[in-house]
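So you can see what is in the structure, the chains are spelled out below.
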Amino acid sequence: EVKAFGSAMMYFNIRDYMAAVRSFQNVIRDYPDTQFREEAMFYILRSHFLFAENSIEARQLERYQNVVDAHRRLVNRFPETEFLAQADRMLRTATDEISRLEEIAAAQNNN
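Because the structure is a prediction, the values reported are computed rather than measured.

Engineer: Account for the overall build of the protein chain, naming residues and giving values.
Structural biologist: A tally of helices and strands in the protein chain yields 5 helices and 0 strands. Seen in sequence order, the protein chain has helices and strands lined up from the N terminus as α-α-α-α-α. Across the 111 residues in the protein chain, those meeting the buried criterion constitute 39%. Pairs at least 24 apart in sequence give 60% of the contacts found in the protein chain among residues at least 6 apart.

Engineer: Which residues make up the packing of helix H4 (residues 57-77) against helix H5 (residues 84-110), and what values do they have?
Structural biologist: Where H4 contacts H5, the two axes come as close as 9 Å, and the packing angle between them is 145°. Two packed elements cross with a definite hand, and for H4 against H5 that hand is left-handed. When the residues that make up the contact of H4 with H5 are grouped by side-chain class, the tally is 14 nonpolar, 4 polar and 5 charged.

Engineer: Tell me what's going on with the nonpolar core, and back it up with residues and numbers.
Structural biologist: Counting residues in each nonpolar core, the largest one holds 30 residues, and the members touching the most others are Phe-12, Phe-24, Leu-45, Tyr-64 and Leu-74. When residues in this core are grouped by element, the largest group, 9 residues, is from helix H3 (residues 37-53).

Engineer: Give me the environment of Tyr-11: which residues, what numbers.
Structural biologist: Positionally, Tyr-11 belongs in helix H1 (residues 2-13). Tyr-11 gets classed as partly exposed once you look at its relative accessible area, which sits at 28%. Residues Tyr-11 and Asp-96, spaced 85 residues apart in sequence, show a C-alpha to C-alpha distance of 27 Å.

Engineer: With reference to specific residues and values, describe the pattern of salt bridges.
Structural biologist: All told, the structure shown has 5 salt bridges when counted by the stated rule. Note that Arg-100 and Glu-97 form a salt bridge whose closest N and O atoms lie 2.8 Å from each other. With Arg-100 and Glu-97 both in helix H5, this residue pair falls 3 residues apart, about one helical turn. Because the salt bridges share partners, they merge into one network encompassing Glu-57, Glu-97 and Arg-100.

Thresholds, definitions, all that
- Residues numbered from 1 in each chain as written.
- Predicted model: local features only at pLDDT ≥ 70, side-chain atom pairs only at ≥ 80, totals over all residues.
- Heavy atoms only, no water.
- Helix = DSSP H or I, 4+ residues; strand = E, 2+ residues; numbered from the N terminus.
- Buried < 20%, exposed > 50% of the residue type's maximum accessible area, 1.4 Å probe, protein only.
- Contact = heavy atoms within 4.5 Å.
- Axes fitted to C-alpha atoms, helices over the stretch in contact; angles between N-to-C directions.
- Left-handed = near helix turned anticlockwise from the far one by under 90°.
- Nonpolar A, V, L, I, M, F, W, Y, C, P; charged D, E, K, R; others polar.
- Core = buried A, V, L, I, M, F, W, Y, C linked by side-chain atoms within 4.5 Å.
- Salt bridge = Lys/Arg side-chain N within 4 Å of Asp/Glu carboxyl O.

What follows is the structure in structure tokens.
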């Protein structure tokens, strides 16, 4: 359990965010009662956020939606998570970006 979480953190630290997401998801799946569940769920959210932020604009809409979904899962499971302030900041940025990207797409479709 500790080793699996450490491996997931290694992917996060080397900025391989999608490998980090999969690894943190595996920690939760393989160790459902893990002491790292809350932290793993936060790092899933953070990995999705950083992946979206560093993506090309054409892929960002879908990837920011993953941030919204990961935030919802974290807060549903841990409503008073110690990571709430950080999670909410990422959610606000993601929803702002989703709105911006949808406006761009709408403007392009009208042309």
